[in-house]
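Chain and residue survey
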Amino acid sequence: MDLPLTVKPLPREHLPSATLAMARFLIGKTLVHESPEGMLSGRIVETEGYPPGDAASHAFRGKTNRNQTLFLGPGHCYVYFTYGSSFMVNVSSEEAGIGAGVLLRALEPLEGIEIMQRNRKNASVRDLTRGPGRLAQALQIDKRYDGVDLFAKGTLWLGTPARRTGRIATSIRIGITREVDRKRRFFEVGNPNVSGPRALSLS
DNA sequence: TATGCGATATTCT
DNA sequence: GAATATCGCATAG
């Protein structure tokens, strides 16, 4: 299965300049990893925005060794490890010097499904990239990619939509303990690869 | 289908 | 030393 011809690198200037606009914008776009084993790609179907001043953001308490990628300017890949088992993939989302990001929570697998299944033993196709930890494992994205510019020539990049994007809805975010009422989660309505409780993915 | 719980390691306090 | 932007398995309904 080849990458649809319509998928090309996304021009950096198409990125909205604010975090929540970017979180919505990224729904339907393509995440591509040209891994040593082959092409791995998926449609982004679920994101969460963590804008400046958000107490749930890793950048809220200022720059640290871990979160410095969030301060690099729009379009950099912030990867961190959590819960002793999972990597999380984010896109930095504000101008250089301001820490903010968009968490990529779920993909719809497009290309390299067999490789993804090898990476994630015992997972059904639906579960390959449904959830932030799962998508990172399926696409083999780890700490080595922290700081990568997703709009520069490289092996990890953002592409144009592979097909038309469905309706987008919002909800509160998942797995946080602060600013819990903010509706900063975005998802493609009805897509089976969207993660989280069913009740959060309706409307 | 829904809910609950333990595993696990890195970061920050 | 505590907390964590989660996952997968177990159990119950």
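Structural data are supplied above this passage.
Below you will find a few notes about this structure. Predicted model, so just to flag it, every value in this text is computed and none were measured.

**Overview of the protein's contact with DNA strand C**
In the vicinity of DNA strand C, 21 residues are found, and the nearest of them are Tyr83, Asn90, Arg120, Arg134 and Gly175. Between DNA strand C and the protein, one listed contact pairs a phosphate oxygen with a backbone N or O atom of Gly175 at 3.3 Å. Contributions of two or more residues to the surface near DNA strand C are made by strand S3 (77-82), strand S4 (86-92), strand S5 (101-111) and helix H3 (132-138). Each residue belonging to the surface near DNA strand C can be placed in one class, and the counts come to nine nonpolar, nine polar and three charged.

**Overview of the side chain of Ser35**
Mapped onto the fold, Ser35 is located in strand S1 (residues 30-35). Of the residues examined, Ser35 reaches a relative accessible area of 8% and is grouped as buried. A polar side-chain atom of Ser35 sits 3.5 Å from a polar atom in the side chain of Gln140. Setting aside its immediate chain neighbours within four residues, Ser35 contacts Leu40 and Gln140.

**Thoughts on the environment of Leu156**
Position of Leu156 among the secondary structure elements: in strand S6 (residues 156-159). C-alpha of Leu156 to C-alpha of Thr47: the two residues are 109 residues apart in sequence and 18 Å apart in space. Other than its neighbours up to four places away in sequence, Leu156 contacts Leu31, Val32, His33, Cys77, Ile141, Tyr145, Val148, Asp149 and Leu150.

**Brief notes about the layout of surface pockets**
Roughly 710 Å³ of volume is contained in the largest pocket. As for the largest pocket, its lining consists of 34 residues, and the residues nearest its centre are Tyr50, His58, Tyr80, Gly175 and Ile176. Mapped onto the lining of the largest pocket, the elements with two or more residues apiece are strand S2 (38-50), S3, S4, S5 and H3. Of the residues assigned to the lining of the largest pocket, the class counts are 14 nonpolar, 13 polar and seven charged. Space inside the second largest pocket adds up to approximately 210 Å³. In terms of lining, the second largest pocket is formed by 14 residues, of which the most central are Arg126, Asn191, Val194, Arg198 and Ser201. Of the residues that constitute the lining of the second largest pocket, the class distribution is five nonpolar, five polar and four charged.

**Topic: the protein's contact with DNA strand B**
All residues adjacent to DNA strand B are Arg61, Thr64, Arg66, Phe81, Tyr83 and Gly84. The sugar-phosphate backbone supplies 76% of the atoms of DNA strand B found within 4 Å of the protein. The side chain of Arg66 places a nitrogen or oxygen atom 3.5 Å from a sugar or linking oxygen of DNA strand B. Tyr83 places a main-chain nitrogen or oxygen 2.2 Å from a base oxygen of DNA strand B. A class-by-class count of the residues in the surface near DNA strand B yields two nonpolar, two polar and two charged.

Rules behind the numbers
- Counting restarts for each chain: residues are numbered from 1 in the order of the written sequence.
- The order in which chains are written sets their letters, starting at A; the order in which ligands are written sets their numbers, starting at 1.
- Owing to the predicted nature of the model, reporting of local features is limited to residues with pLDDT of at least 70; listing and counting of side-chain atom pairs is limited to 80 or more, with chain, interface and lining totals taken over all residues.
- The side-chain numbers reported here are obtained from all heavy atoms of the structure, hydrogens and water having been left aside.
- A molecule or strand has a residue near it when one of that residue's heavy atoms lies within 4 Å.
- Each polar contact in these results corresponds to two N or O atoms within 3.5 Å; when the atoms are within protein, one needs to be able to donate a hydrogen and the other to accept it, and residues that are neighboring in sequence are counted only if both atoms are side-chain atoms.
- Numbering of helices and strands starts at the N terminus; helices are DSSP runs of H or I of at least 4 residues and strands are runs of E of at least 2.
- Residues are grouped as follows: nonpolar covers Ala, Val, Leu, Ile, Met, Phe, Trp, Tyr, Cys and Pro; charged covers Asp, Glu, Lys and Arg; every other residue, Gly included, is treated as polar.
- Think of it in three bands: residues with accessible area under 20% of the maximum for their type are buried, residues over 50% are exposed, and the middle band is partly exposed, with areas taken using a 1.4 Å probe on protein chains only.
- Contacts are residue-level and defined by heavy atoms, with any inter-residue pair within 4.5 Å sufficient.
- Cavities and pockets were defined on a 1 Å grid built from protein atoms only: a cavity is a group of points that admits a 1.4 Å probe but offers it no way out, a pocket is an open group of points flanked by protein on both sides within 12 Å along at least five of seven lines, and a lining residue is one with an atom within 4 Å of any such point.
- Grid points are joined across faces, edges and corners, and a volume is the space filled by probe spheres set on the points.

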